[in-house]
Amino acid sequence: MPGNWKNNVKWKNNLSGGLAVVTVALIAIGVWQAIVWYWGLPKALLPTPKQTFDSAVMNRESLLKGIYSTACAAVMGLAVAIALGSVISIALSQSKWLRIAIFPYIILLQTVPIVAVAPLLIIWSGYTFRSVVIVTVIVCLFPIVNSVAAGLTRIDQDMNDLFDLYKVSRAKRLQKLQIPSAINDLVIGSKTSSGLAVIGAIVAEFFVGNGTRYDGLGTLITGWQALSKTDALIAALFASAALGLAMFATVHFIGAVVLRRWTS
Amino acid sequence: MQRQQAKLIESDHISNQTTNTGSSIDCRCVSLVFSSGTRAVDEVTLSVPAGKIMSLVGPSGCGKTTMLRMIAGLEKPTAGEIQITPSIDGAAGEIGFVFQQPSLLRWRTAIENVTLPLELMSSSATQSQNRSTAAQMLQQVGLADSVNLYPHQLSGGMRMRVSIARALVTQPKVLLLDEPFAALDDTLREQLGGLVLDLWTQRPLTIVMVTHNIAEAVMLSHRIAVMRNGKLAETIDNPMPWPRDDSNRSQAPFSDTYQLVRSVMRGDD
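Please read all numbers here as calculations on a predicted model, not as lab measurements. (Residues numbered from 1 in each chain as written. Chains lettered and ligands numbered in written order. Predicted model: local features only at pLDDT ≥ 70, side-chain atom pairs only at ≥ 80, totals over all residues. Heavy atoms only, no water.)

**Some remarks on unusual backbone geometry**
Stage number 1. In the segment running from Trp242 of chain B into Pro243 of chain B, the intervening peptide bond is cis, with an omega of -5°.
Stage number 2. Within the secondary structure, Pro243 of chain B is located in the loop between strand 9 (231-237) and helix 8 (252-266).
Stage number 3. Despite not being glycine, Lys167 of chain A has its phi angle at roughly 50°, a positive value.
Stage number 4. Its place among the elements puts Lys167 of chain A in the loop between helix 7 (157-165) and helix 8 (170-208). (Helix = DSSP H or I, 4+ residues; strand = E, 2+ residues; numbered from the N terminus.)

Take a look at the structure:
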């Protein structure tokens, strides 16, 4: 009975949370519609929600293709960043000197504007899908390395003492203590990077898409901007946001499944 | 078994008790000066006979935990010598350590936490043998029904029981406890103190326990070493008879020893 009651409360909480989100969205759409009506704005400046929806339906093929291409680049970039970031973090966790020597460059990777790096990368790597993935990796890498490296090195003193007591090798300490300790940090870093992955992919597509047959959301956005198709641009904006949310929700779900047994 | 232990106490000869009753611990003029210049432990000489229980008591910052860590080999003395006889010769698993916090790995169940030392020692035992050893140990600490629960599913007292089982799963000759029950309420503290005594009677084991609690030290120990400002103030042999239970608390040996320890701790002349 208590279990059922708890589930019931949880279900009700989820329902009311969902209703609150939908209510806010409906209010926002209402305000948007009211602004267009009140000021009599032309479609080229700000289309109504209905006009935007119609444009999304009309351009659904391009949008779906764009979402697919951008999603592929974002997922692949995030996956490579997770793998590469984990390897870099493990290397950093093994040597204080390596941390001192390498970490400033990883911070540099984060501070250099990606819009300045992307054109260079495209010159070196070509107007290809690969370039989009590389830009995405660069954008996603820092949060993962930052989070995982901290998780690998921030070990409870008692646990370190326990492993010292049993005279454990460095490799075994890494395997049995540091890596499992850092899983939670990997999930947190990946969640942060999941939203950034879509941004990175779209920014790269702005450059890659110029004059090529690449069909990501970024390419669509630059193309529609040139044609002043405001309704289609807003539709692309919603598609980008939806993709970012989907990426975040997927990583969140995977993280929750991995960690579900460890936390209350 | 407790009668046997009581007899052992009566014939308390350090040199006569060796392999079958745990290890004896001898600390000679042990000092530890940290790199900051702080003298944490200053020329402490004390001994724990094999198979006996000693408590290290003293105010916060008196160096008792540092002393315990040196016995465990987690800190190296800057001067003096610590000898454990028979020699454990740097072998892993010969010393069990219970920390103030249970310090369990949250991604491992109770039984997986207890098998951890066996896995770390890379013995020839198989995984199922390790699990069987750990299950027996958990049964001895009263957690036979909780082997597959994760730390977050256990109460504070249960977590500490897992921590004690983990420390004893390698059949160590020496068990070191660093204020293990400080975070628990009085009832749990007494229950777990009783558990430590039960476990001690079942195996050859020498115990050194750091505690703030004078009553706990008097109830559980054969010998009480009082430390102040990094120095050993006094070593008191506890005259309380064995076996011990709550009825001992109202008797003279308990109250006399309690008062004596308290006055040494305060520095009364």
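Next, the rest of the story.
**Topic: the UniProt feature "transmembrane region" (unreviewed entry) in chain A**
Stage number 1. UniProt records the feature "transmembrane region" (unreviewed entry) for residues 20-40, 67-90, 102-125, 131-152, 194-212 and 232-259 of chain A in the present numbering.
Stage number 2. The straight-line gap between the two end C-alpha atoms of residues 20-40 of chain A is 30 Å; of that span, 95% is helix and 0% is strand. (UniProt positions renumbered as here; feature names shortened; annotations may be inferred.)

**Observations concerning helix 5 (residues 156-168) of chain B**
Stage number 1. The terminal C-alpha atoms of helix 5 of chain B, which comprises 13 residues, lie 19 Å apart, in line with the 18 Å expected from a rise of 1.5 Å per residue.
Stage number 2. When you tally the buried positions in helix 5 of chain B, you get 10 out of 13 residues, the bulk of the element.
Stage number 3. Taken as a whole, helix 5 of chain B has its buried residues at Gly157, Met160, Arg161, Val162, Ser163, Ile164, Ala165, Arg166, Ala167 and Leu168 of chain B.
Stage number 4. Buried residues along helix 5 of chain B sit against helix 7 of chain A together with strand 5 (95-98), helix 3 (110-120), helix 4 (127-140), strand 6 (174-178) and helix 6 (186-201) of chain B. (Expected span 1.5 Å × (residues − 1). Buried < 20%, exposed > 50% of the residue type's maximum accessible area, 1.4 Å probe, protein only. Contact = heavy atoms within 4.5 Å.)

**Considering the pairing of strand 6 of chain B**
All names here are of chain B.
Stage number 1. By the criterion of burial, strand 6 is predominantly enclosed, with 5 of the 5 residues buried.
Stage number 2. Side-chain alternation along strand 6 places Val174, Leu176 and Asp178 on one buried face and Leu175 and Leu177 on a second face that is also buried.
Stage number 3. Sheet topology places strand 5 next to strand 6; 4 bridges connect them, and they run parallel. From the neighbouring strand, Ile95 faces strand 6, where its bridge partner is Val174.
Stage number 4. As defined by bridge partners, strand 6 adjoins strand 7 (residues 206-211) across 5 bridges and the pair is classed as parallel. From the neighbouring strand, Leu175 faces strand 7, where its bridge partner is Ile207.
Stage number 5. Chirality of the crossover, the property in question, places the unit of strand 6, helix 6 and strand 7 among those that are right-handed. (Pairing = 2+ DSSP bridges. Right-handed = clockwise from strand over helix to strand, strands pointing away.)

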